[in-house]
Amino acid sequence: MKEQLKIVKIGGGILDDPEKLYQFVAEFHRLPGLKVLVHGGGKGASTLLQSLGIEPQMVNGRRITDAATLDVVTMFYAGKTNKLLVALLQERGTNALGLSGADGNVLRATRRPIGAVDYGYVGDLTDQSVNTPLLQTLLSGGLTPVFCAITHDGQGQLLNTNADTIASVLARALAPFYEVALHFCFEKDGVLADVHDDSSVIPQITLALFQELKASGAIAAGMLPKLENAFAALDAGVEKVIIENALKINEPVKTVLCQS
Ligand SMILES: Nc1ncnc2c1ncn2[C@@H]1O[C@H](COP(=O)(O)OP(=O)(O)O)[C@@H](O)[C@H]1O
Ligand SMILES: CC(=O)N[C@@H](CCC(=O)OP(=O)(O)O)C(=O)O
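Labelled according to an unreviewed UniProt entry, the protein appears under the name Acetylglutamate kinase, originating from Hymenobacter profundi. Comment text from UniProt for the protein, heading Catalytic activity (unreviewed entry), reads "N-acetyl-L-glutamate + ATP = N-acetyl-L-glutamyl 5-phosphate + ADP". In the Subcellular location (unreviewed entry) part of its UniProt record, the protein is described as follows: "Cytoplasm".

> Which residues make up the layout of surface pockets, and what are the values?
In this approach the atoms are scanned with a rolling probe the size of a water molecule, which exposes any empty space left behind. What the largest pocket holds in volume is close to 930 Å³. When contributions to the lining of the largest pocket are tallied by element, the ones reaching two or more residues are α1 (12-15), α3 (42-51), β4 (62-63), α6 (163-174), β11 (178-186) and α8 (223-235). Of the residues assigned to the lining of the largest pocket, the class counts are 17 nonpolar, 13 polar and eight charged. Looking at the second largest pocket, its volume works out to about 260 Å³.

> Account for the packing of α6 against α8, naming residues and giving values.
For any two helices packed against each other, the geometry is given by the interaxial angle and the distance between the axes. In the contact formed by α6 and α8, the axes pass within 9 Å of each other and the chain directions differ by 5°. On the basis of the axis angle, α6 is roughly parallel to α8. Contacts from Asp164, Thr165, Ser168 and Arg172 of α6 reach α8 at Lys226, Asn229, Ala232 and Ala233. Its residues placed into classes, the contact of α6 with α8 shows two nonpolar, three polar and three charged.

> Give a detailed account of the UniProt feature "site: Transition state stabilizer" (unreviewed entry) in the protein, specifying residues and quantitative values.
Under the present numbering, the feature "site: Transition state stabilizer" (unreviewed entry) in UniProt falls on Lys9 and Lys226. Across 218 residues of sequence, these annotated residues stay compact in space, with a maximum C-alpha separation of 10.3 Å. Considering only the annotated residues already named, the ones lining the largest pocket are Lys9 and Lys226. In this structure, Lys9 sits in strand β1 (residues 3-10). Judged by relative accessible area, Lys9 falls into the buried class, the value being 6%. Contact partners of Lys9, with chain neighbours within four places excluded, come to Val38, Gly40, Ala163, Asp164, Ala167, His183, Phe184, Cys185 and Lys226. Mapped onto the elements, Lys226 comes out in helix α8. What makes Lys226 buried here is its relative accessible area of 9%. Once residues within four sequence positions are removed from consideration, Lys226 is found in contact with Lys9, Asp164 and Phe184.

What counts and how
Residues numbered from 1 in each chain as written. Chains lettered and ligands numbered in written order. Predicted model: local features only at pLDDT ≥ 70, side-chain atom pairs only at ≥ 80, totals over all residues. Heavy atoms only, no water. UniProt positions renumbered as here; feature names shortened; annotations may be inferred. 1 Å grid on protein atoms, 1.4 Å probe; cavity = no way out; pocket = protein on both sides within 12 Å on 5 of 7 lines; lining within 4 Å. Points joined across faces, edges and corners; volume = space filled by probe spheres on them. Helix = DSSP H or I, 4+ residues; strand = E, 2+ residues; numbered from the N terminus. Nonpolar A, V, L, I, M, F, W, Y, C, P; charged D, E, K, R; others polar. Axes fitted to C-alpha atoms, helices over the stretch in contact; angles between N-to-C directions. Parallel < 35°, antiparallel > 145°, perpendicular 65-115°, else oblique. Contact = heavy atoms within 4.5 Å. Buried < 20%, exposed > 50% of the residue type's maximum accessible area, 1.4 Å probe, protein only.

Have a look at this one:
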(Lines give C-alpha, C1' and ligand atoms only; values in the text may rest on other atoms or scores of the structure.)
(Ligands and ions follow the chains in the order given, each with its own letter.)
Protein backbone atom coordinates (compact mmCIF):
# COMPACT_ATOMS: atom_id res chain seq x y z
CA MET A 1 0.00 0.00 0.00
CA LYS A 2 1.32 3.41 -0.96
CA GLU A 3 1.47 6.11 1.69
CA GLN A 4 -0.87 9.08 1.20
CA LEU A 5 0.57 12.45 0.16
CA LYS A 6 -1.31 15.73 -0.09
CA ILE A 7 -0.01 18.37 -2.48
CA VAL A 8 -1.67 21.72 -1.73
CA LYS A 9 -1.43 24.77 -3.96
CA ILE A 10 -2.39 28.28 -2.84
CA GLY A 11 -2.56 31.37 -5.00
CA GLY A 12 -2.27 35.11 -4.87
CA GLY A 13 -5.74 35.82 -3.45
CA ILE A 14 -4.94 34.08 -0.15
CA LEU A 15 -1.27 35.10 0.05
CA ASP A 16 -2.19 38.76 -0.31
CA ASP A 17 -4.43 38.84 2.73
CA PRO A 18 -2.46 38.42 6.01
CA GLU A 19 -5.54 37.28 7.96
CA LYS A 20 -6.55 34.67 5.38
CA LEU A 21 -2.96 33.48 5.09
CA TYR A 22 -2.73 33.02 8.85
CA GLN A 23 -6.00 31.03 8.84
CA PHE A 24 -4.84 28.92 5.90
CA VAL A 25 -1.56 28.05 7.65
CA ALA A 26 -3.54 26.85 10.71
CA GLU A 27 -5.75 24.64 8.47
CA PHE A 28 -2.75 23.32 6.51
CA HIS A 29 -0.96 22.47 9.75
CA ARG A 30 -4.04 20.44 10.85
CA LEU A 31 -3.99 18.27 7.69
CA PRO A 32 -2.79 14.83 8.70
CA GLY A 33 -0.03 12.85 6.94
CA LEU A 34 2.68 13.72 4.43
CA LYS A 35 2.24 17.02 2.64
CA VAL A 36 3.80 19.46 0.19
CA LEU A 37 2.82 23.12 -0.21
CA VAL A 38 3.14 25.02 -3.51
CA HIS A 39 2.49 28.75 -3.55
CA GLY A 40 2.01 31.36 -6.25
CA GLY A 41 1.75 35.05 -5.46
CA GLY A 42 1.02 36.48 -8.91
CA LYS A 43 -1.36 39.15 -7.62
CA GLY A 44 1.15 40.59 -5.13
CA ALA A 45 3.95 40.39 -7.71
CA SER A 46 1.90 42.49 -10.15
CA THR A 47 1.25 45.13 -7.47
CA LEU A 48 4.96 45.22 -6.59
CA LEU A 49 6.02 45.42 -10.25
CA GLN A 50 3.65 48.36 -10.81
CA SER A 51 4.99 50.17 -7.76
CA LEU A 52 8.47 49.81 -9.29
CA GLY A 53 7.28 51.25 -12.61
CA ILE A 54 7.22 47.90 -14.47
CA GLU A 55 3.90 47.20 -16.18
CA PRO A 56 2.89 43.52 -15.65
CA GLN A 57 2.06 41.66 -18.85
CA MET A 58 0.08 38.41 -18.84
CA VAL A 59 -0.79 36.24 -21.87
CA ASN A 60 -3.10 33.20 -21.40
CA GLY A 61 -2.61 33.38 -17.63
CA ARG A 62 1.21 33.33 -17.94
CA ARG A 63 3.49 36.25 -17.11
CA ILE A 64 5.79 37.68 -19.76
CA THR A 65 8.99 37.71 -17.76
CA ASP A 66 11.78 40.02 -18.94
CA ALA A 67 15.06 40.31 -16.97
CA ALA A 68 13.80 43.08 -14.67
CA THR A 69 10.55 41.20 -13.99
CA LEU A 70 12.49 38.01 -13.24
CA ASP A 71 14.58 39.87 -10.64
CA VAL A 72 11.47 41.21 -8.92
CA VAL A 73 9.48 37.94 -8.96
CA THR A 74 12.50 35.98 -7.71
CA MET A 75 12.83 38.34 -4.74
CA PHE A 76 9.10 38.26 -4.12
CA TYR A 77 8.30 34.53 -4.60
CA ALA A 78 11.55 32.81 -3.50
CA GLY A 79 12.32 35.47 -0.90
CA LYS A 80 9.57 37.25 0.99
CA THR A 81 6.59 34.99 0.23
CA ASN A 82 8.36 31.63 0.58
CA LYS A 83 10.21 32.56 3.76
CA LEU A 84 7.12 34.10 5.40
CA LEU A 85 5.14 30.90 4.74
CA VAL A 86 7.94 28.76 6.14
CA ALA A 87 8.14 30.95 9.26
CA LEU A 88 4.34 30.81 9.80
CA LEU A 89 4.40 27.00 9.44
CA GLN A 90 7.33 26.74 11.85
CA GLU A 91 5.36 28.85 14.32
CA ARG A 92 2.63 26.16 14.26
CA GLY A 93 5.11 23.29 14.55
CA THR A 94 5.15 22.07 10.92
CA ASN A 95 8.79 21.57 9.98
CA ALA A 96 8.66 23.37 6.62
CA LEU A 97 11.56 23.64 4.19
CA GLY A 98 11.39 26.39 1.54
CA LEU A 99 12.53 25.44 -1.95
CA SER A 100 12.96 27.01 -5.35
CA GLY A 101 13.50 24.57 -8.21
CA ALA A 102 17.26 25.25 -8.07
CA ASP A 103 17.58 24.04 -4.45
CA GLY A 104 18.73 20.43 -4.56
CA ASN A 105 17.97 20.55 -8.31
CA VAL A 106 14.43 19.71 -7.24
CA LEU A 107 12.72 21.17 -10.35
CA ARG A 108 14.68 21.62 -13.55
CA ALA A 109 12.84 23.50 -16.30
CA THR A 110 13.41 24.38 -19.94
CA ARG A 111 13.07 27.95 -21.07
CA ARG A 112 9.91 28.24 -23.16
CA PRO A 113 10.85 28.50 -26.85
CA ILE A 114 9.87 31.70 -28.62
CA GLY A 115 6.68 31.08 -30.60
CA ALA A 116 3.85 33.49 -31.41
CA VAL A 117 4.65 35.01 -27.99
CA ASP A 118 8.08 35.51 -26.41
CA TYR A 119 7.44 34.79 -22.73
CA GLY A 120 11.03 35.66 -21.77
CA TYR A 121 12.40 33.86 -18.70
CA VAL A 122 9.52 31.41 -18.31
CA GLY A 123 10.25 27.75 -17.58
CA ASP A 124 8.31 24.71 -18.78
CA LEU A 125 8.39 21.42 -16.87
CA THR A 126 7.97 17.74 -17.74
CA ASP A 127 7.40 14.77 -15.41
CA GLN A 128 11.18 14.16 -15.70
CA SER A 129 11.90 17.62 -14.26
CA VAL A 130 11.33 16.51 -10.67
CA ASN A 131 14.06 15.21 -8.35
CA THR A 132 11.75 12.60 -6.78
CA PRO A 133 14.46 10.83 -4.68
CA LEU A 134 15.23 14.12 -2.91
CA LEU A 135 11.55 14.74 -2.18
CA GLN A 136 11.12 11.19 -0.86
CA THR A 137 14.11 11.73 1.46
CA LEU A 138 12.72 15.04 2.75
CA LEU A 139 9.22 13.62 3.30
CA SER A 140 10.47 10.51 5.07
CA GLY A 141 12.63 12.79 7.26
CA GLY A 142 9.49 14.57 8.51
CA LEU A 143 9.96 17.76 6.47
CA THR A 144 7.22 19.60 4.59
CA PRO A 145 8.62 21.05 1.33
CA VAL A 146 7.27 24.51 0.43
CA PHE A 147 7.73 25.35 -3.26
CA CYS A 148 7.72 28.80 -4.82
CA ALA A 149 7.21 29.50 -8.54
CA ILE A 150 10.92 29.90 -9.36
CA THR A 151 12.72 27.08 -11.22
CA HIS A 152 16.11 26.81 -12.96
CA ASP A 153 17.48 25.41 -16.21
CA GLY A 154 20.64 23.71 -14.88
CA GLN A 155 22.81 26.28 -16.64
CA GLY A 156 22.65 29.02 -14.06
CA GLN A 157 19.45 30.61 -15.27
CA LEU A 158 16.47 31.10 -12.95
CA LEU A 159 13.06 30.86 -14.59
CA ASN A 160 9.48 31.81 -13.66
CA THR A 161 6.99 28.92 -13.77
CA ASN A 162 3.25 29.02 -13.12
CA ALA A 163 2.53 27.64 -9.65
CA ASP A 164 -0.54 25.60 -10.75
CA THR A 165 1.76 23.85 -13.25
CA ILE A 166 4.38 23.16 -10.56
CA ALA A 167 1.72 21.55 -8.32
CA SER A 168 0.39 19.43 -11.17
CA VAL A 169 3.86 18.25 -12.31
CA LEU A 170 4.88 17.41 -8.72
CA ALA A 171 1.69 15.38 -8.28
CA ARG A 172 2.26 13.48 -11.53
CA ALA A 173 5.92 12.75 -10.77
CA LEU A 174 5.16 11.56 -7.23
CA ALA A 175 2.09 9.47 -8.16
CA PRO A 176 4.17 6.26 -8.71
CA PHE A 177 5.45 6.46 -5.11
CA TYR A 178 2.51 7.84 -3.12
CA GLU A 179 -1.28 7.89 -3.24
CA VAL A 180 -1.41 11.55 -4.20
CA ALA A 181 -4.27 13.96 -3.56
CA LEU A 182 -3.77 17.27 -5.35
CA HIS A 183 -5.61 20.23 -3.79
CA PHE A 184 -5.94 23.51 -5.71
CA CYS A 185 -6.98 26.02 -3.07
CA PHE A 186 -8.25 29.55 -3.63
CA GLU A 187 -10.80 31.97 -2.24
CA LYS A 188 -13.98 30.30 -3.64
CA ASP A 189 -15.54 27.09 -2.29
CA GLY A 190 -14.87 25.18 -5.55
CA VAL A 191 -15.66 25.46 -9.24
CA LEU A 192 -18.81 27.59 -9.51
CA ALA A 193 -21.57 27.04 -12.09
CA ASP A 194 -22.11 30.80 -11.88
CA VAL A 195 -19.00 32.77 -10.94
CA HIS A 196 -21.23 35.48 -9.38
CA ASP A 197 -22.99 33.00 -7.08
CA ASP A 198 -20.66 31.66 -4.37
CA SER A 199 -23.20 28.99 -3.42
CA SER A 200 -23.22 27.39 -6.92
CA VAL A 201 -20.35 24.95 -6.19
CA ILE A 202 -20.23 21.99 -8.60
CA PRO A 203 -19.52 18.96 -6.35
CA GLN A 204 -18.15 16.77 -9.18
CA ILE A 205 -16.78 17.87 -12.52
CA THR A 206 -15.96 15.66 -15.51
CA LEU A 207 -13.82 16.69 -18.49
CA ALA A 208 -17.00 16.80 -20.62
CA LEU A 209 -18.73 19.16 -18.17
CA PHE A 210 -15.57 21.32 -17.99
CA GLN A 211 -15.55 21.64 -21.83
CA GLU A 212 -19.24 22.61 -21.74
CA LEU A 213 -18.75 25.25 -19.03
CA LYS A 214 -15.67 26.58 -20.82
CA ALA A 215 -17.58 26.93 -24.10
CA SER A 216 -20.45 28.77 -22.36
CA GLY A 217 -18.01 31.13 -20.63
CA ALA A 218 -19.07 29.97 -17.13
CA ILE A 219 -15.46 29.03 -16.39
CA ALA A 220 -13.00 31.73 -17.33
CA ALA A 221 -9.81 33.58 -16.51
CA GLY A 222 -7.43 31.98 -13.97
CA MET A 223 -9.78 29.03 -13.59
CA LEU A 224 -8.96 27.75 -17.10
CA PRO A 225 -5.23 26.93 -16.60
CA LYS A 226 -6.10 25.61 -13.13
CA LEU A 227 -8.60 23.10 -14.50
CA GLU A 228 -6.39 22.17 -17.45
CA ASN A 229 -3.53 21.39 -15.03
CA ALA A 230 -5.96 19.58 -12.75
CA PHE A 231 -7.29 17.28 -15.50
CA ALA A 232 -3.74 16.65 -16.78
CA ALA A 233 -2.84 15.37 -13.29
CA LEU A 234 -5.92 13.14 -13.08
CA ASP A 235 -5.16 11.75 -16.52
CA ALA A 236 -1.58 10.92 -15.47
CA GLY A 237 -2.61 8.74 -12.53
CA VAL A 238 -2.95 11.22 -9.66
CA GLU A 239 -5.49 9.54 -7.35
CA LYS A 240 -7.58 12.56 -6.40
CA VAL A 241 -7.80 16.15 -7.62
CA ILE A 242 -9.79 18.69 -5.63
CA ILE A 243 -10.59 22.37 -6.08
CA GLU A 244 -11.58 24.07 -2.84
CA ASN A 245 -11.46 27.03 -0.50
CA ALA A 246 -8.05 27.47 1.14
CA LEU A 247 -9.74 28.25 4.45
CA LYS A 248 -11.95 25.12 4.33
CA ILE A 249 -9.49 22.35 3.44
CA ASN A 250 -10.65 20.34 6.45
CA GLU A 251 -14.35 20.72 5.50
CA PRO A 252 -16.42 18.70 2.99
CA VAL A 253 -17.46 21.53 0.58
CA LYS A 254 -15.38 21.24 -2.60
CA THR A 255 -15.26 20.27 -6.26
CA VAL A 256 -13.84 16.81 -6.94
CA LEU A 257 -12.63 16.07 -10.46
CA CYS A 258 -13.63 12.77 -12.07
CA GLN A 259 -12.61 11.16 -15.34
CA SER A 260 -16.16 10.39 -16.53
N1 LIG B 1 -16.50 29.00 -12.70
C2 LIG B 1 -15.63 29.56 -11.86
N3 LIG B 1 -15.55 29.12 -10.58
C4 LIG B 1 -14.69 29.69 -9.70
N5 LIG B 1 -13.86 30.71 -10.04
C6 LIG B 1 -13.89 31.18 -11.29
C7 LIG B 1 -14.76 30.62 -12.26
N8 LIG B 1 -14.55 31.26 -13.43
C9 LIG B 1 -13.61 32.18 -13.21
N10 LIG B 1 -13.19 32.15 -11.92
C11 LIG B 1 -12.19 33.07 -11.38
O12 LIG B 1 -10.94 32.39 -11.30
C13 LIG B 1 -10.25 32.88 -10.14
C14 LIG B 1 -9.18 31.87 -9.73
O15 LIG B 1 -8.11 31.90 -10.60
P16 LIG B 1 -6.75 32.63 -10.17
O17 LIG B 1 -7.05 34.02 -9.73
O18 LIG B 1 -5.78 32.45 -11.26
O19 LIG B 1 -6.40 31.76 -8.89
P20 LIG B 1 -5.07 31.67 -8.04
O21 LIG B 1 -4.34 32.99 -8.12
O22 LIG B 1 -5.57 31.32 -6.68
O23 LIG B 1 -4.32 30.56 -8.67
C24 LIG B 1 -11.35 33.06 -9.12
O25 LIG B 1 -10.99 34.00 -8.14
C26 LIG B 1 -12.52 33.53 -9.96
O27 LIG B 1 -12.61 34.94 -9.98
C1 LIG C 1 5.02 32.12 -15.68
C2 LIG C 1 4.00 32.61 -14.69
O3 LIG C 1 2.92 33.00 -15.06
N4 LIG C 1 4.35 32.58 -13.39
C5 LIG C 1 3.48 33.03 -12.34
C6 LIG C 1 3.99 32.46 -11.04
C7 LIG C 1 3.17 32.84 -9.83
C8 LIG C 1 1.78 32.20 -9.84
O9 LIG C 1 1.51 31.20 -10.52
O10 LIG C 1 0.92 32.80 -8.95
P11 LIG C 1 -0.63 32.47 -8.71
O12 LIG C 1 -0.76 31.02 -8.47
O13 LIG C 1 -0.94 33.27 -7.49
O14 LIG C 1 -1.39 32.94 -9.93
C15 LIG C 1 3.44 34.56 -12.27
O16 LIG C 1 4.52 35.18 -12.25
O17 LIG C 1 2.34 35.11 -12.13
